[in-house]
Amino acid sequence: MNTAAPRKPSTEVIKEASMLKQKVMIDENFQRLSTSNEEGRKVVSTFVPGNLNELLMCFDVDRNFPEINALQNGMRKKSGRLIMEAERNGQSEDVCTYVKSDLGMIEQGNIGPTGDKLPDPDVLLLSYTGCFTFMKWFELVREKYDCETIMLHVPYQADGTITQNMRDYVVKQLKDDVIPTLERASGVKFDIDRLRQYLRQSQKAEDDLVWILQSAKNKPSPIDAFFGGVYYIGPIFTAFRGTEAATEYYQTLRGEIKQRLADGLGPVTPEGDFGKEKFRLVVEGTPNYTNFREFWKMFYDEGAVVVASTYTKVGGVYDLGFRHDPDNPLESLADYCLGCYTNLSLPARIKMLSNYIDDYQADGLLVNSVKSCNSFSAGQVLMLREIEKRTGKPGAFIETDLVDPRYFSAANVKNRMESYFQMLEQKNATQAA
Amino acid sequence: MTVQEIVDRCQALFDDLDFNAVKDWKAANPGGKAIGYLPIYVPREIIHAAGMLPVGIFGGGDQLEVIHGDAYYQSYICRIPRSTIELGLTGRLDSLDGMLFPSICDVIRNLSGMWQLLFKDKYVKYFDVPQTYRDEIGGAFYIHEMQALREDLGKLGGHEITDEDLQNSIAVYNENRQVINELYDLRAKQPWQAPTSEIYLLLRAGMVLPVEEHTQLLRDYMDAVQAEERPRRDNCRVVVNGVFCEQPPLGLIKSLEMAGCYVVDDDFLLVTRWLIDDVPTTGDPMENLSKAFLHHSAATSAKFEPNKADKGRFLINQVRNSGAEGVVFAAPSFCDPALLDRPMLQEALNRDDIPFTAFKYAENTGQMQAIREQAGTFADSIKLWSA
Ligand code: SF4
Ligand code: SF4
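I will try to describe carefully the structure that is included in this document. Bear in mind that the values here come from a model prediction, so they are computed numbers and not experimental data.

### Observations concerning the overall build of chain A
Counting its secondary structure elements, chain A contains 16 helices and 10 strands. In terms of overall size, chain A behaves like a compact globule, its C-alpha atoms giving a radius of gyration of 21 Å where 433 residues would be expected to give roughly 22 Å. If one aligns the C-alpha atoms of chain A with their principal axes, the spans along those axes are about 70 × 50 × 40 Å. Counting only residues that meet the buried cut, chain A has 64% of its 433 residues in that class. By sequence separation, contacts in chain A at least 24 residues apart represent 79% of the contacts at least 6 residues apart. When the accessible surface of chain A is totalled, it reaches about 15100 Å², and 49% of it is carbon and sulfur. Positive and negative charge centroids in chain A, built from 52 and 60 side chains respectively, lie 3 Å apart.

Structure (structure tokens):
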């Protein structure tokens with residue numbers, strides 16, 4: 001165990017230039033959304049996995065991501081009461097809390113996490129990638145608004161490959177359904193060259209993102225690929241992929257990390273520099289947002305850094321080679337949708353995680369299983385066992401939730417993590433002897 | 001056969017968690033293969049056309065002791081995947097040569113991957129279905145999916161499945177559905193003659209028996225019940241909704257009836273009634289099956305409803321057509337599809353002034369007292385309200 005006295009949580013959070021830049025981007029987007037309806041800009045709500053941000057930009061529409069609103073509300077400790085509001089209005093305690101946080105927010109006047117009013121959507125673009133709950137979510141939201149819903153059905157990669165039939169199906173939907181509906185709703189004619197231009201920007205940002213995520217292969221790792229990773233994926237998983245702002249953000253971030261590497265530094269934590277790297281972990285599953293900093297602190301106080309995670313792949317698996325392709329715009333959008341992490345089969349997820357453990361020289365795997373998300377959680381126990389068997393590295397399993405504070409028990413998680421670190425320490429000591 | 005004899009036979013099939021009916025079929029059909037499928041829908045016509053026995057797997061019920069299965073799942077995931085795993089790991093599904101996992105929710109979806117890992121020597125297929133309903137888009141995709149299944153099963157069975165094979169099988173399943181629809185009509189008219197606790201067992205028998213035998217069994221039952229005068233009770237008439245995947249224990253269905261509710265329509269074992277009309281037996285069979293799926297199939301939580309105004313329409317029609325007076329929403333605990341759909345369906349019922357009550361269950365729910373009381377109060381309120 002780390003014998004140094006744990007740092008006291010400080011109220012002042014350390015931020016780098018890239019973080020400040022991202023904050024400005026996000027705040028500006030919320031502000032923009034707050035005036036969309038009044039200023040006559042059309043609004044499309046859509047989900048992170050399989051989002052078509054570049055395509056949406058071709059229609060000059062504002063993009064609203066309900067999942068981001070839910071997680072931001074979680075981070076700002078607002079989600080608990082929103083979830084209870086949704087439950088008071090008839091939602092079951094059993095179902096995904098992202099949905100309930102969103103519905104509760106709508107019920108309470110649709111004031112977004114930053115305090116800005118969120119707009120009524122003109123279109124709900126239901127990218128049905130990697131999660132069945134998305135479908136119910138937008139059917140429920142549709143009940144509250146008079147707006148169109150576009151279903152983009154993305155088949156599941158059950159056998160670990162994208163077949164031509166799957167790709168054709170998605171492309172056909174884009175051509176015959178998604179694009180014509182967006183043209184009609186926005187009044188803007190689709191221009192494929194404009195799409196290509198955005199995809200070119202995406203490619204650049206994607207190259208940088210992959211470089212950033214893979215920098216964790218170094219020892220010590222200059223980044224935390226889960227807690228820090230949540231910030232790194234922010235722009236590219238949401239309303240900014242394809243924009244110059246995102247490209248610049250990733251350039252800045254890459255520069256910062258390059259410098260950290262040169263200086264032999266570990267990740268930046270909310271309390272400053274990381275200190276000595278003791279454990280390298282791979283994390284499967286989502287973060288907990290209601291107690292995000294507290295959770296992260298349990299790691300950095302023990303010298304544990306996350307070197308790879310699957311959560312940073314929910315909005316696109318780029319590190320295995322995929323890039324948006326301006327030469328094949330619609331096909332590459334289809335492949336993007338089909339390739340998001342939760343759309344992969346369980347065997348494919350196991351292979352990916354096992355490879356991460358090897359490639360990133362990790363000491364073990366942590367599964368954070370969340371009550372909300374069947375898409376992630378159903379099957380994780382078997383995944384853990386299989387990965388332990390294949391890699392010989394020990395795993396740990398904890399249970400929390402994304403945005404429901406009732407399911408985060410700090411004491412339980414801390415106990416579990418402490419005994420896991422103890423076990424890793426003993427294992428490392430035996431190996432060193 | 002008497003009603004009792006038929007019901008006893010179905011009960012024995014239902015209780016038999018070793019699937020001896022499948023073993024018997026295989027013994028009588030040397031070299032024959034059996035293919036399992038999970039809820040809610042697979043085109044069983046294709047399995048049948050391959051000369052194979054389709055076998056519906058609907059979890060372990062309340063009689064199976066789940067030991068291994070629980071170790072694979074967190075407490076906040078429904079019961080059916082764990083009891084299905086239990087059935088598999090204890091060798092009870094060894095007589096199956098393959099398993100189909102239809103596109104119904106993330107739990108079943110991920111279970112398909114678990115099956116690939118746990119039962120490496122078996123044929124495993126996740127069977128995707130379209131959520132867009134235009135023939136040239138969703139239909140084209142679906143025909144491909146069905147074609148892939150057709151080719152896989154052709155290989156597994158050692159012979160190609162011809163169009164004629166498929167047309168014959170379509171006819172056989174059309175007949176089965178027609179008879180089930182007649183049975184449902186009979187129950188809607190005279191629920192005391194054909195109580196749901198029996199109808200349910202009859203439908204479950206269709207999950208393990210060859211379809212031809214099942215059709216005959218249904219006919220025998222209808223003949224037998226019509227020959228008997230059975231006691232009529234002063235029950236209210238309800239549609240049960242939400243029971244399309246994990247099954248409630250039989251005791252729960254009986255409790256509803258004992259509490260004063262005649263179930264006159266439901267979404268049990270939807271695979272038997274998924275397609276609403278007959279599928280044409282001439283022309284391209286794949287196209288026919290596809291069109292039936294896209295344009296003439298049941299509504300359920302696992303299916304996208306493209307038109308807001310039509311949300312709940314199917315359920316309301318069930319209520320109207322069966323002459324029901326209310327709806328009982330019964331959903332498995334932790335079932336996202338059913339539980340998220342519920343408020344929308346309830347809203348639609350509210351608009352049409354149709355009363356409802358709602359509860360959750362698990363396949364191994366043991367205590368029926370609370371449910372019986374709730375259903376009883378609901379039945380009483382309906383009777384008061386309509387008096
Ligand atoms: S089930 Fe999971 S992937 Fe789906 S909306 Fe909820 S948290 Fe997101
Ligand atoms: S009971 Fe519901 S959540 Fe569970 S497998 Fe069935 S559809 Fe999915």
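### Quick word on the overall build of chain B
What chain B contains, in helices and strands, is 14 helices and eight strands. A compact globule built from 387 residues would reach a C-alpha radius of gyration of about 21 Å, and chain B, at 20 Å, matches this within 12%. Taking the principal axes of the C-alpha coordinates as reference, chain B spans close to 65 × 50 × 45 Å. Expressed as a percentage of the 387 residues in chain B, the buried residues total 64%. Expressed as a percentage of contacts within chain B between residues at least 6 apart in sequence, the contacts between residues at least 24 apart total 74%.

### Describing the nonpolar core
One finds Leu55(A), Tyr98(A), Phe299(A), Tyr311(A), Leu153(B) and Tyr221(B) to be the most contacted residues of the largest nonpolar core, which totals 275 residues. When residues in this core are grouped by element, the largest group, eight residues, is from helix α8 (residues 192-214) of chain A. Aside from chain neighbours lying at most four places away, what touches Leu55(A) is Leu174(A), Val178(A), Ile179(A), Leu182(A), Phe190(A), Leu195(A) and Leu333(A). Core analysis: the next-biggest nonpolar cluster, separate from the first, contains 13 residues, Leu315(B), Val319(B), Ala348(B) and Ile354(B) among them.

### Regarding the sheet that holds strand β1 (residues 43-46) of chain A
Residues and elements named next belong to chain A. An order of β2-β1-β3-β4 is seen for the four strands of this open sheet, with the pairing classed as parallel. Strands with a single pairing partner mark the edges of an open sheet, and in this sheet they are β2 (62-64) and β4 (148-153). On average, each strand axis in the sheet is tilted by 25 degrees relative to the strand beside it, whichever way the strands run. Note that β1 and strand β3 (residues 123-128) share three bridges and pair parallel. Paired with Ser45 across the bridge in β3 is Leu124. Contacting β1 and β2, helix α1 (residues 17-36) crosses the sheet at an angle of about 110 degrees to β2.

### Some points on the pattern of salt bridges
Residues and elements named next belong to chain A. For the structure shown, the criterion picks out 52 salt bridges over all chains. Close ionic contact of Glu39 with Arg41 constitutes a salt bridge, the shortest N to O distance being 2.7 Å. Among the ionic pairs, Lys189 bridges to Glu183, the shortest N-O distance being 3.4 Å. Residue Lys189 is classed as exposed on the basis of its relative accessible area of 65%.

### Describing the interface of chain B and chain A
Tallying the contact residues gives 54 residues for chain B and 58 residues for chain A. Here chain B meets chain A over a buried area of about 4800 Å², counting both sides, of which 57% is carbon and sulfur. Where chain B touches chain A, the interface holds four salt bridges. Between Glu139(A) and Lys311(B) there is a salt bridge, with its nearest N and O atoms 2.7 Å apart. Applying the counting criterion to the chain B and chain A interface returns 30 residue pairs in polar contact (both at pLDDT 80 or more). Put simply, the parts of the chain that give the side of chain B that touches chain A at least two residues each are α5 (106-118), α6 (135-157) and α13 (336-351) of chain B. Partitioning the side of chain B that touches chain A into residue classes produces 26 nonpolar, 13 polar and 15 charged.

### As for the site of ligand 2
Around ligand 2 lies a shell formed by Cys78(B), Ile80(B), Ile104(B), Cys105(B), Val107(B), Ile108(B), Cys245(B), Glu246(B), Pro332(B), Phe334(B) and Cys335(B). Taken together, the residues that form the shell around ligand 2 break down as 10 nonpolar, no polar and one charged.

### Brief notes about the state of the cysteines
Residues and elements named next belong to chain A. A complete count under the given rule lists zero disulfides over all chains for this structure. Unpaired in terms of disulfides, Cys147 finds its nearest cysteine sulfur in Cys131, a separation of 19 Å. Take Cys147: its relative accessible area is 12%, and that puts it in the buried class.

### Overview of the site of ligand 1
Lining the immediate environment of ligand 1, one finds Cys96(A), Cys131(A), Thr133(A), Phe134(A), Trp137(A), Ser372(A), Cys373(A) and Leu402(A). Grouping the constituent residues of the shell around ligand 1 by class yields six nonpolar, two polar and no charged.

### What about the sheet that holds strand β4 (residues 123-127) of chain B?
Residue and element names in this part refer to chain B. With parallel pairing, the four strands of this open sheet are ordered in space as β2-β1-β3-β4. Each having just a single partner strand, β2 (53-56) and β4 make up the two edges of the open sheet. Averaged over all pairs of adjacent strands, the angle between strand axes in this sheet comes to 25 degrees, irrespective of strand direction. Two elements, strand β1 (residues 34-37) and β2, share four bridges in a ladder whose sense is parallel. By the bridge assignment for β2, Gly36 is matched with Val55. Sheet contacts for α6: β1, β3 (98-102) and β4; angle to β4, the most-contacted strand, approximately 170 degrees.

### Overview of unusual backbone geometry
For the peptide bond that leads from Lys219(A) to Pro220(A), omega is -5 degrees, which places it in the cis range. Mapped onto the fold, Pro220(A) is located in the loop between α8 and α9 (227-237). Omega for the peptide link from Pro39(B) to Ile40(B) comes to 5 degrees, which places this bond in the cis form. Within the secondary structure layout, Ile40(B) lies in the loop between β1 and α3 (44-49). A positive phi angle, close to 60 degrees, is found at Lys77(A), a residue other than glycine. Even without a glycine there, the phi angle at Phe334(B) is positive, about 65 degrees. Of note, Phe334(B) is situated in the loop between β7 (326-332) and α13.

### Re the packing of aromatic side chains
How two aromatic rings sit relative to each other is set out by the distance from centre to centre and by the angle between their planes. For the coordinates displayed, the defined rule picks out 40 aromatic pairs over all chains. With a centroid separation of 5.7 Å and an interplanar angle of 40 degrees, the aromatic rings of Tyr341(A) and Phe376(A) are classed as tilted. Here Tyr341(A) is found in the loop between α12 (329-339) and α13 (346-359), whereas its partner Phe376(A) is found in helix α14 (residues 374-377), with 35 residues between them in sequence. Here Tyr341(A) falls in the buried class, since its relative accessible area comes to 0%. Judged by relative accessible area, Phe376(A) falls into the buried class, the value being 4%. Here the basic side chain of Lys217(A) rests over the ring of Tyr360(A), its NZ or CZ set 5.3 Å away from the ring centre. Between the NZ or CZ atom of Arg232(B) and the centre of the ring of Trp192(B), over which it lies, the distance is 4.0 Å.

What counts, and where the lines are drawn
Residues numbered from 1 in each chain as written. Chains lettered and ligands numbered in written order. Predicted model: local features only at pLDDT ≥ 70, side-chain atom pairs only at ≥ 80, totals over all residues. Heavy atoms only, no water. Helix = DSSP H or I, 4+ residues; strand = E, 2+ residues; numbered from the N terminus. Rg over C-alpha atoms; globule rule 2.2 N^0.38 Å. Buried < 20%, exposed > 50% of the residue type's maximum accessible area, 1.4 Å probe, protein only. Contact = heavy atoms within 4.5 Å. Areas by Shrake-Rupley, 256 points an atom, 1.4 Å probe, with all protein chains shown as cover. Lys, Arg positive; Asp, Glu negative; His and termini not counted. Charge placed at Lys NZ, Arg CZ, Asp CG, Glu CD. Core = buried A, V, L, I, M, F, W, Y, C linked by side-chain atoms within 4.5 Å. Pairing = 2+ DSSP bridges. Axes fitted to C-alpha atoms, helices over the stretch in contact; angles between N-to-C directions. Salt bridge = Lys/Arg side-chain N within 4 Å of Asp/Glu carboxyl O. Buried area = accessible area lost by both parts, 1.4 Å probe. Polar contact = N/O pair within 3.5 Å; in protein donor to acceptor, adjacent residues only side chain to side chain. Nonpolar A, V, L, I, M, F, W, Y, C, P; charged D, E, K, R; others polar. Near = heavy atom within 4 Å. Disulfide = S-S within 2.5 Å. Phe/Tyr/Trp six-rings, centres within 6.5 Å; stacked < 30°, edge-to-face > 60°. Lys NZ or Arg CZ within 6 Å of the ring centre and 35° of its normal.

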